[in-house]
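Take a look at the letters that make up each chain.
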Amino acid sequence: MRGEMARDEIIKAGGKAFAYTVDITDPKEFSRVIDEIYSREGRIDVLINNAGMSITGEARDMSLDHWRKTIELNLMGSIHGIVLVYSMMAGQGSGQIVNVSSMAGLAPIPLIVPYVTSKYALVGLSRSLRMEGKLLGVKVNLVCPGRLDTTLMDSSEIIQANRESFLARVPFKAVTLDKAVSKILKGMVRNRGVLVFPGYVRWMWWMERYFPGLLKPFYRYSLRQFRKIRHESPS
């Protein structure tokens, strides 16, 4: 729905745009859309891997299916897109891939362990691919934002806890989408490599690299707060 709205706004402003709904965990379906775009435009200049999901709760309460769903969308969905366009971009000698990870890809965060796993992997993928792509004319940029004003948190499955009780305990103010998009676009233009925002995420990243022990009280506090509501029935 959001893609269709953006398309309509671009067309209304006199531009040209197309929108597709695609299951990025299905490589055949994803490939069909990429092939159609390439056939029509003759090239692909930008790929932004932004789809994601999260499941909240303790790892002891999660099934293998919870892990698979999270990793299939957050990590493999991005890999599918990269496999489809990276060779095209290398062949044309230009292009940019933007992988949206998270603060959860920079510091260990309890209660979203599968999500953290997928986002840490995306960080390593992006930084390594950037090295290869540089000599081929392909820019690879990594975005690690904090909490964004999206439906990710609201649509997240909460295991062994009441949704309202959990959301009331979530720290950090959400960054508006307009502000996030502006920062990401500026980072793309500048080819920053790694874009981290807002300030508290940069602080956590710095602390995790140099003084990781100082973050342990915060993690323990988060766990204690969750365990107070863990046995409530999910809404």
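Below you will find a few notes about this structure. (Residues numbered from 1 in each chain as written. Predicted model: local features only at pLDDT ≥ 70, side-chain atom pairs only at ≥ 80, totals over all residues. Heavy atoms only, no water.)

**What to know about the overall build of the chain**
No. 1: The helix and strand inventory of the chain stands at 9 helices and 6 strands.
No. 2: Expressed as lengths along the three principal axes of its C-alpha atoms, the size of the chain is roughly 55 × 40 × 35 Å.
No. 3: The contacts of the chain with a sequence gap of at least 6 include a subset with a gap of at least 24, amounting to 70%.
No. 4: Accessible surface computed for the chain: about 13,300 Å², of which carbon and sulfur atoms make up 58%.
No. 5: The distance from the centre of the 33 positive side-chain charges to the centre of the 22 negative ones in the chain is 10 Å. (Helix = DSSP H or I, 4+ residues; strand = E, 2+ residues; numbered from the N terminus. Contact = heavy atoms within 4.5 Å. Areas by Shrake-Rupley, 256 points an atom, 1.4 Å probe, with all protein chains shown as cover. Lys, Arg positive; Asp, Glu negative; His and termini not counted. Charge placed at Lys NZ, Arg CZ, Asp CG, Glu CD.)

**Focus: the nonpolar core**
Soluble globular proteins: nonpolar side chains tend toward being buried together.
No. 1: In terms of nonpolar packing, the biggest core is built from 18 residues, with Met103, Ala104, Leu106, Ile109, Ile112, Cys144 and Val201 touching the most fellow members.
No. 2: Of all the elements in the fold, those that place two or more residues in this core are helix H4 (113-134), strand S4 (138-145) and helix H8 (199-210).
No. 3: Setting aside residues no more than four positions away along its own chain, Ala104 makes contact with Ile109, Ile112, Tyr115, Val116, Lys119 and Tyr120.
No. 4: Ranked by size, the runner-up nonpolar core spans 14 residues in total, among them Ile24, Phe30, Tyr86 and Val140. (Core = buried A, V, L, I, M, F, W, Y, C linked by side-chain atoms within 4.5 Å. Buried < 20%, exposed > 50% of the residue type's maximum accessible area, 1.4 Å probe, protein only.)

**Quick notes on the layout of surface pockets**
No. 1: Each pocket or cavity is described by its volume, and for the second largest pocket that value is around 180 Å³.
No. 2: Along the walls of the second largest pocket sit Ser182, Lys183, Lys186, Gly187, Arg190, Arg192, Val194, Leu195, Val196, Phe197, Arg202 and Trp205, which together make up its complete lining.
No. 3: Contributions of two or more residues to the lining of the second largest pocket are made by helix H7 (177-190), strand S6 (194-197) and H8.
No. 4: It is H7 that contributes the most residues to the lining of the second largest pocket, 5 residues altogether.
No. 5: Looking at the lining of the second largest pocket residue by residue, the class counts come to 5 nonpolar, 2 polar and 5 charged. (1 Å grid on protein atoms, 1.4 Å probe; cavity = no way out; pocket = protein on both sides within 12 Å on 5 of 7 lines; lining within 4 Å. Points joined across faces, edges and corners; volume = space filled by probe spheres on them. Nonpolar A, V, L, I, M, F, W, Y, C, P; charged D, E, K, R; others polar.)

**Here's the deal with empty space enclosed by the protein**
No. 1: If you walk through the whole model with that rule in mind, you get 1 cavity of 30 Å³ or more.
No. 2: Size it by volume and the largest cavity reaches roughly 40 Å³.
No. 3: Lining the largest cavity are Val98, Asn141, Leu142, Val143, Ile184, Gly187, Met188, Arg192, Gly193, Val194 and Leu195.
No. 4: Looking at side-chain class alone, the lining of the largest cavity contains 7 nonpolar, 3 polar and 1 charged residues.

**What about a nonpolar patch on the surface?**
No. 1: Together, Trp206, Tyr210, Phe211 and Leu214 make up a nonpolar patch on the protein surface, roughly 460 Å² of accessible area in all.
No. 2: Within the fold, Leu214 resides in the loop between H8 and helix H9 (216-227). (Patch = residues over 30% accessible without salt bridge, like charges linked within 9 Å, V, L, I, M, F, W, Y side chains within 5 Å. Salt bridge = Lys/Arg side-chain N within 4 Å of Asp/Glu carboxyl O.)

**Thoughts on the side chain of Ser102**
No. 1: Inspection of the secondary structure assignment puts Ser102 in the loop between strand S3 (95-100) and H4.
No. 2: Take Ser102: its relative accessible area is 7%, and that puts it in the buried class.
No. 3: For Ser102, the side chain forms a polar contact with the main-chain nitrogen of Ala104, separated by 2.9 Å.
No. 4: The contact partners of Ser102, leaving out residues within four places of it in the chain, are Tyr115, Lys119, Val143, Cys144 and Pro145. (Polar contact = N/O pair within 3.5 Å; in protein donor to acceptor, adjacent residues only side chain to side chain.)

**Points about H7**
No. 1: Here H7 contains 14 residues, and its C-alpha end-to-end distance of 20 Å stays within 8% of the 20 Å for a straight helix at 1.5 Å per residue.
No. 2: Within H7, the full set of buried residues consists of Ala180, Ile184, Gly187 and Met188. Along the axis of H7, the buried residues cluster in a sector spanning 100 degrees; they form a single face. Along H7, exposed side chains directed more than 90 degrees from the buried face belong to Asp178, Val189 and Arg190.
No. 3: Its buried side turned inward, H7 meets strand S1 (46-49), S3, S4 and S6.
No. 4: Downstream of H7 by one or two residues, Asn191 has phi in the positive range, about 55 degrees. (Expected span 1.5 Å × (residues − 1). Arc of directions from axis to C-beta.)

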